[in-house]
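# Descriptive structure summary
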Amino acid sequence: MAADPQSLRRRAVYASLMGQLDEASIMQVLAQLTQSLRSDQASDVIRFVDTLSGPFGLDPAQCKRLYADIYRRLREPEASLPPDPLPAAAPRFAPPPVYPSPAPAYVPQPAYGGAPPGYMPAPPGYMPVPPGYMPQGYPAQPELQPTVNPVAAALAAANAAMPPLQPAASVQPAAPVAPTPASPVDLGSLPVDPPMVFGAVMRRVVAEVAEFHPEALDELRKDSLKQLEVSRAPQHAREAFRDAWTRARQHNWQIRASNTDLAELVRVTYLALVEAFGRAGADQILQRALQLAENLAEARVFSPRRLLAAM
């Protein structure tokens, strides 16, 4: 009989965390493993390890080792893993662990969908007030009357007063006009500053993922090409983007395209980052890449923030 995948994950994680955390902390992690590690994919392993770094004080080097170690053990033969540390009769849904308070979470920039300036999260234990709720003794508020738009009312009255249209005389339909083919893009006439800035942003994104999450780089490539198929990028930009991904770590990523098309390619990359690292992780990776591109001389002519126009 095939082993239970959840049991195999517990055994692999248990083996990897031995020596990294104490026994009580490991059991605390395993009790919540069903919700925190849902597959054996590299992106899920990375997200799982990242959730441990803050509460248990794992440094980046430890996290990097755990990425590779857990991913390797999940693919080893079952006989090489230790026994399942949780009994088969354990409750199906264990209570959530009480972790120490992690460091404040990164707040994404409003330019690509983050929280507005001055945003503060709701305090712990906050419960939303149901619609229509009023505390006892609080004076009832008068019912608001709908606002009447005088311009819309005048237009509606004028339309009602117009006589009904009479059917027009039979007219032969005009011959269909063949669509004019789009003229090819003159890439040589495009400014060089947007491609230079775009290249710096993409090189930083690829370099960071390759250094800290090497197992996720191929998934990022696949997700980027999948998002590319449903994007608004023109054909010449798509072909250049696909070619860059074939040698992502060696390519200069200076794709000759308009700033609008390059912004669309940044949107494609961001959506792929969200698939691999979640929204908060994608925001941080892209933010660091934009900050690095700010140091270019070309950024004085074309700000890296303009690449967020398609977000």
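See the structure above.
Residues numbered from 1 in each chain as written. Predicted model: local features only at pLDDT ≥ 70, side-chain atom pairs only at ≥ 80, totals over all residues. Heavy atoms only, no water.

### A closer look at the nonpolar core
Membership of the largest hydrophobic core comes to 64 residues, with the highest contact counts inside it found for F48, F198, F241, W253 and L265. Per element, the largest residue contribution to this core is 15 residues, and it comes from helix α10 (residues 259-293). Aside from chain neighbours lying at most four places away, what touches W253 is P195, F198, G199, M202, R203, V206, F241, A244, W245 and A248. (Core = buried A, V, L, I, M, F, W, Y, C linked by side-chain atoms within 4.5 Å. Buried < 20%, exposed > 50% of the residue type's maximum accessible area, 1.4 Å probe, protein only. Helix = DSSP H or I, 4+ residues; strand = E, 2+ residues; numbered from the N terminus. Contact = heavy atoms within 4.5 Å.)

### Regarding the packing of aromatic side chains
Tallied over the full model, the rule gives two aromatic pairs. An angle of 70 degrees between the planes, with centres 5.8 Å apart, marks the rings of F241 and W253 as edge-to-face. Taken as a pair, F241 in helix α9 (residues 235-246) and W253 in the loop between α9 and α10 lie far apart in primary sequence, twelve residues in all. Exposure class is identical for F241 and W253. Each is buried. Clustering of aromatic rings is evident, with ring pairs tying together F241, W245 and W253. Note that R75 overlies the ring of Y71, its terminal NZ or CZ placed 3.8 Å from the centroid. (Phe/Tyr/Trp six-rings, centres within 6.5 Å; stacked < 30°, edge-to-face > 60°. Lys NZ or Arg CZ within 6 Å of the ring centre and 35° of its normal.)

### Considerations on the environment of D50
Assignment of secondary structure puts D50 in helix α4 (residues 42-56). Taking the C-alpha atoms as reference points, D50 and C63, 13 residues apart in sequence, are found 7.2 Å from one another. Within the structure, D50 has its side chain in polar contact with the side chain of Y67 (distance 2.5 Å). (Polar contact = N/O pair within 3.5 Å; in protein donor to acceptor, adjacent residues only side chain to side chain.)

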